[in-house]
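# Observations on the three-dimensional arrangement
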Amino acid sequence: MTDDLDDLKSLMNMATPRADETRRAENIALARKNFDDLQGSREAPRPTPATGCNALWTGVTTMLNALTSKAALGTTTALVACGFLFLTPQGQSLLTPPAATDPVLTKLTEAPAADDTLAFESAELRTAEEVAVVDAISPPVSTVERDHPLTPEAFAIEGINEEEPAAMAAATAPPMPAAPATGLPSLNRSEASQPSPSLTDTSRESARLYTTAPMETVEEAEIAQPQAQALSTLSVGDRIAPGQSPVATQSTTETYANAAPNPLKITSEEPVSTLSIDVDTASYSVVRSSLSRGQLPPANAVRIEELINYFPYDYPAPDAGDAPFRTTVSSFETPWNPDTQLVHIALQGQMPALDDRPPLNLVFLIDTSGSMNSPEKLPLLKQSFRIMLDQLRAQDQVAIVEYAGSAGQVLAPTAASDRETILQALQSLGAGGSTNGQGGLEQAYAVADTMAEDGEVSRVILATDGDFNVGINNPEALKDFIADKRDTGTYVSVLGFGRGNLDDATMQALAQNGNGTAAYIDTLSEAQKVLVDQLSGALFPIAGDVKVQVEFNPARVAEYRLIGYETRALNREDFNNDAVDAGELGAGHTVTAIYEITAVGSPAQLSDPLRYAPNTVAATSEELGYVKLRYKAPGEDISRLIETPIIGQSIPGTEASFAAAIAGFGQLLRDDSYLGDWGYEDAIALANANRGDDSFGYRTEAVQLMRLAQSLSK
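Residue numbers restart at each chain and count upward from 1, following the sequence in its written direction. Predicted model: local features are reported for residues with pLDDT of at least 70 only, side-chain atom pairs are reported and counted for 80 or more only, and whole-chain, interface and lining totals are derived from all residues. As a convention, hydrogens and water are excluded, and side-chain values are obtained from all of the structure's heavy atoms.

### Thoughts on the overall build of the protein
Helix and strand content of the protein: 24 helices and 16 strands. Every one of the 714 residues in the protein was classed for burial, and the buried ones make up 47%. Look at the contacts in the protein between residues 6 or more apart in sequence, and 78% of them connect residues 24 or more apart. All accessible areas in this document rest on Shrake-Rupley with a 1.4 Å probe, and a residue is counted as covered only by the protein chains that are shown. Summed over its atoms, the accessible surface of the protein is roughly 34100 Å², and 54% of this surface lies on carbon and sulfur atoms. A helix here means a DSSP run of H or I that spans at least four residues, while a strand means a run of E at least two residues long, and both kinds are numbered starting from the N terminus. Think of it in three bands: residues with accessible area under 20% of the maximum for their type are buried, residues over 50% are exposed, and the middle band is partly exposed, with areas taken using a 1.4 Å probe on protein chains only. In this description, contact between two residues means that some pair of their heavy atoms is separated by no more than 4.5 Å.

Here it is as structure tokens:
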């Protein structure tokens, strides 16, 4: 292989003329001579005797008559460009190949040996006249000078100077193939995180742009750069609004935990549906973030159950001494199909007196990697935790662990009343380095173990943009690790910040297997909702491993489908298996699940009835189905059972109707095929009519998001 590279090197050296100072000087002199010849006179300019208006007219006429030909203009332009490239430091920097770590590229860019003169002796430089002819046929293309002045600063990378070639080499990623649509190199964030931690993300992007693109594509990359920067917040899989270019879909590495919409089930074949409850809200905030930036969200980012459960509902609360939550089941006509019904299952958790809650041990596990260095990430995170501190009591404790390339404890367990010390530790955090998520989790759990005492509640609150590129970065690999820690009584909740490389799949795996919740914080208002208004529900569980199982009556219900909960589905046998993990219900939390059902004989039935359907006792029952719930009281290992029948159709209330409007909205965002002609206008009308007591404006905001989605979908 080495011999082949040597041969290729020799051939390239033979074909490449060597620079010659004498010939360069001769060419420059010739260029100056030709320039003077083409100006109309070799002598110094003489003043014209004309004055007044005649002077202006005479000057214009003389100028037009003396204009040079296109060939001459091409000649002078080419010669000036050659002089710039060979005689100026900026030109030399353009001709100098980028630092490369690839040995093959190094071989190809080595300078020719001193005795390689054959190519130079056999190749003669073109005269100015020859250059003019060629350039007249094919004018010189624009260079990067058009958008980026060719000064040393134009090619400088933050934190690197000319005396630091080693730092430049470290900042240079391996060459990437140019993206076919734009000419931009294909970027890999996990590789980009390897340069020196002193570099910012902006520096790394600049380094990759100027040092990884093949030389022949730099101009194309420069032309595309402003457009890519303008749309750099788009996510992989985003549907682009009218007038936007799809180029920016290559600039992010977001992944989402979702699955295809639940299929229609035939009741006689599969009468039982089983699921784990979900109180996460991250998907709604991601949808809001996308729509607020003028684009429809990726379909996989839309988890309909999280849209529905984002809102507080005024469901009937449990009576004192009863189960920790109350179940309400109803059915009513489907807004988008009068021939089907919606079965609405609502859970309302009790809110214990806050004065009676046990002491709280919190470990803030904060991602301080380089990817967190933007206003909507680490700075917003600090502000969010700051407003949360006011909700804690003197007996609560706070510790802080940060992780980037490595993990470290920033603040030892400190009483929540020592607010100044906690805030100083928060403000000291800065972003830089790679993302060692595994090391951070391990240290956070270790700190939590030292804080835990009997009767107290311990939580790890992980705040990250989800860019795990060191240690555990596979959602499946997280399950066993988190499950083992969950059994110690320390739960983990996840807060997502920022867009661009949001690893929603990993965040969901952490929250679901850590008995915690997942939320996405894109504004300080959302931080207020999650960390202040709903803090008790997020941190204090009242029921664990809550599972829902619905059995539909095949004599009354021909078909059904569960709206959402694709990532929360359980096997039928999991319902009675207390070893199978499920979702937790926090203090004051509400949970909603919605099924769409088709009655036997309805014109909306999509499947043919069975000829030999058995005649059972179900035919004599008026029940549409039967709902069973299992849950564990905090600290218990044996589940308890609650059962509720589904009775015939009724008139929906405000809460159920608003939940139905959000369910329809989510299906519109996912382009589900079950809505027929029902569209955004119908969802807006239904939600507007059922906003109810909207104290904090959450439902009003949802209507506005529906209007944005309607406009962007056209």
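Back to the text.
### Digging into unusual backbone geometry
Although it is not a glycine, Asp545 sits at a positive phi angle of roughly 50°. Mapped onto the elements, Asp545 comes out in strand E11 (residues 541–552).

### A word on the sheet that holds strand E14 (residues 590–599)
The pairing criterion for strands is at least two bridges between them, as found by DSSP. Reading across the sheet, the 5 strands line up as E1-E12-E14-E4-E3 and stay open at both edges, with antiparallel pairing between neighbours. The two strands at the open ends of the sheet, each matched to only one other strand, are strand E1 (265–266) and strand E3 (325–334). Of the pairings in the sheet, the one linking E1 to strand E12 (residues 557–562) comprises 2 bridges and is antiparallel in character. Directly across from Ile266, in E12, lies its bridge partner Glu559. The strands that helix H22 (residues 654–669) touches are E3, strand E4 (337–349), E12 and E14; relative to E14, the one it contacts most, it runs at about 75°. Comment: axis = line fitted to C-alpha atoms, over the contacting stretch for helices; angle = value between 0 and 180 degrees taken between N-to-C directions.

### Concerning helix H19 (residues 504–513)
Within H19, 10 of the 10 residues are buried, which leaves the element mostly enclosed by the surrounding structure. Residues of H19 that are buried: Asp504, Ala505, Thr506, Met507, Gln508, Ala509, Leu510, Ala511, Gln512 and Asn513. Following H19 by one or two positions, Asn515 has its phi on the positive side, about 60°.

### Section: the side chain of Gln508
Checked against the element boundaries, Gln508 lands in helix H19. Relative accessible area serves as the criterion here: at 2%, Gln508 is assigned to the buried category. Those residues within four positions of Gln508 in sequence are excluded, and the remaining contacts are Ala257, Asp280, Ala282, Arg303, Glu306 and Ala518.

### Focus: helix H17 (residues 437–451)
The end-to-end C-alpha separation of H17 is 21 Å, in line with the 21 Å expected for 15 residues at 1.5 Å each. For H17, the full list of buried residues reads Gly437, Gly439, Gly440, Leu441, Ala444, Tyr445, Val447, Ala448 and Met451. Each residue after the first adds 1.5 Å to the expected span of a helix.

### What about the packing of aromatic side chains?
Only the six-membered ring of Trp is used, alongside the rings of Phe and Tyr, when aromatic pairs are assigned; centres must lie within 6.5 Å, and planes under 30 degrees apart are stacked while those over 60 apart are edge-to-face, with the rest tilted. Per the stated rule, a full pass over the model turns up 14 aromatic pairs. For the pair Tyr284 and Phe311, a centre-to-centre distance of 5.3 Å together with 80° between the ring planes defines the contact as edge-to-face. In this pair, Tyr284 is assigned in helix H13 (residues 282–292) and Phe311 in the loop between helix H14 (304–308) and E3, connecting sequence segments 27 residues apart. Its relative accessible area of 1% is what places Phe311 among the buried residues. Plain terms: the ring middles of Tyr310 and Phe311 are 5.3 Å apart, the flat faces sit at 85° to each other, and that makes the pair edge-to-face.

### Considering the environment of Ala519
If you trace the backbone, Ala519 turns up in strand E10 (residues 518–521). Here Ala519 falls in the buried class, since its relative accessible area comes to 5%. Distance from Ala519 to Leu531, taken between C-alpha atoms, is 10.0 Å for residues 12 residues apart in sequence. Setting aside anything within four residues of it in sequence, one finds Ala519 in contact with Thr281, Ala282, Val494, Leu495, Gly496, Met507 and Val530.

### Some details on the packing of H13 against helix H24 (residues 698–712)
Taken N-terminus to C-terminus, the directions of H13 and H24 make an angle of 50°; their axes are 10 Å apart at the nearest point. With respect to H24, the axis of H13 lies oblique. In the crossing of H13 with H24, the sense of the turn from one axis to the other is left-handed. Of H24, the residues touching H13 (which contributes Tyr284, Arg288, Leu291 and Ser292) are Tyr698, Glu701, Ala702, Leu705, Leu708, Ala709 and Leu712. Residue polarity is assigned by list, with Asp, Glu, Lys and Arg as charged and Ala, Val, Leu, Ile, Met, Phe, Trp, Tyr, Cys and Pro as nonpolar; anything else, Gly included, falls into the polar class. For the contact of H13 with H24, the residue count by class is 8 nonpolar, 1 polar and 2 charged. Reported orientations rely on four angle classes, namely roughly parallel under 35 degrees, roughly antiparallel over 145, roughly perpendicular from 65 to 115, and oblique for the rest. With the far helix as reference, a near helix turned anticlockwise by less than a right angle produces a left-handed crossing, and one turned clockwise produces a right-handed crossing.

### Notes on the sheet that holds strand E6 (residues 397–403)
Backbone-to-backbone hydrogen bonds join strands into a sheet, with any given pair of strands oriented parallel or antiparallel. One open sheet accounts for 6 strands, arranged E7-E6-E5-E8-E9-E10; its pairing is mixed. Of all strands in the sheet, those with a lone pairing partner are strand E7 (407–415) and E10, marking the two edges. Here the average twist between neighbouring strands, direction ignored, is 20°. Here 7 bridges tie strand E5 (residues 360–367) to E6, and the two strands are oriented parallel to one another. Following the sheet pairing, Asn361 is matched in E6 by Gln397. Of the strands in this sheet, E5, E6, strand E8 (457–464), strand E9 (490–497) and E10 are in contact with helix H15 (residues 378–389), which crosses E5 at around 170°.

### Comments concerning the pairing of E11
Where burial is concerned, most of E11 is hidden: 10 out of the 12 residues are buried. Bridge count for strand E2 (residues 272–276) against E11 is 5 bridges, and the pairing is antiparallel. Bridge pairing links Ser273 to Val550 in E11. Where E11 lies against strand E13 (residues 583–586), 3 bridges are found, and the strand directions are antiparallel. By the bridge assignment, Pro541 is partnered in E13 with Gly586. For E11 and strand E15 (residues 625–632), the ladder comprises 7 bridges, and the chain directions are antiparallel. Counted as the bridge partner of Val550 is Val627 from E15.

### Some points on the nonpolar core
The definition of a nonpolar core used throughout is a set of buried Ala, Val, Leu, Ile, Met, Phe, Trp, Tyr and Cys residues joined through side-chain atoms within 4.5 Å. Within the largest apolar cluster, 41 residues are counted, with the highest numbers of intra-cluster contacts made by Leu291, Leu307, Ile308, Phe311, Ile662, Phe665 and Leu669. Contributing elements (two or more residues each) for this core: H13, H14, E4, H22, helix H23 (680–688) and H24. Among the elements that line this core, the one with the most residues is H22, at 10 residues. Those residues in contact with Phe311, other than ones at most four positions away along the chain, are Tyr284, Thr590, Phe658, Ile662, Tyr698, Arg699 and Ala702.

### Points about the packing of H15 against helix H16 (residues 419–427)
Interhelical geometry of H15 versus H16 gives an angle of 170° and a closest axis separation of 10 Å. With respect to each other, H15 and H16 are oriented roughly antiparallel. Taking contact as the criterion, the partners of Lys382, Phe385, Arg386 and Leu389 in H15 are, on H16, Arg419, Ile422, Leu423, Leu426 and Gln427. Of the residues in the contact of H15 with H16, the class split is 5 nonpolar, 1 polar and 3 charged.

### Some thoughts on the environment of Ser525
Inspection of the secondary structure assignment puts Ser525 in helix H20 (residues 524–533). Sequence spacing of Ser525 and Ser384 is 141 residues, and the spatial spacing of their C-alpha atoms is 9.1 Å.

### Some points on the pattern of salt bridges
In the sections that follow, a salt bridge refers to a side-chain nitrogen of Lys or Arg positioned within 4 Å of a carboxyl oxygen of Asp or Glu. One pass over the structure, following the stated rule, counts 19 salt bridges. Where Glu306 meets Arg303, a salt bridge forms, and the shortest distance between an N and an O atom there is 2.7 Å. Residue Glu306 is classed as buried on the basis of its relative accessible area, which comes to 0%. We classify Arg303 as buried; its relative accessible area is 1%. Across the pair Asp545 and Lys632 runs a salt bridge, and its minimum N-O distance is 3.0 Å. Of this pair, Asp545 sits in strand E11 while Lys632 sits in strand E15, and the two are 87 residues apart along the sequence. Residue Asp545 shares its accessibility class with Lys632, and that shared class is buried. Through salt bridges with shared partners, one network takes in Arg288, Asp522, Glu526 and Glu701.

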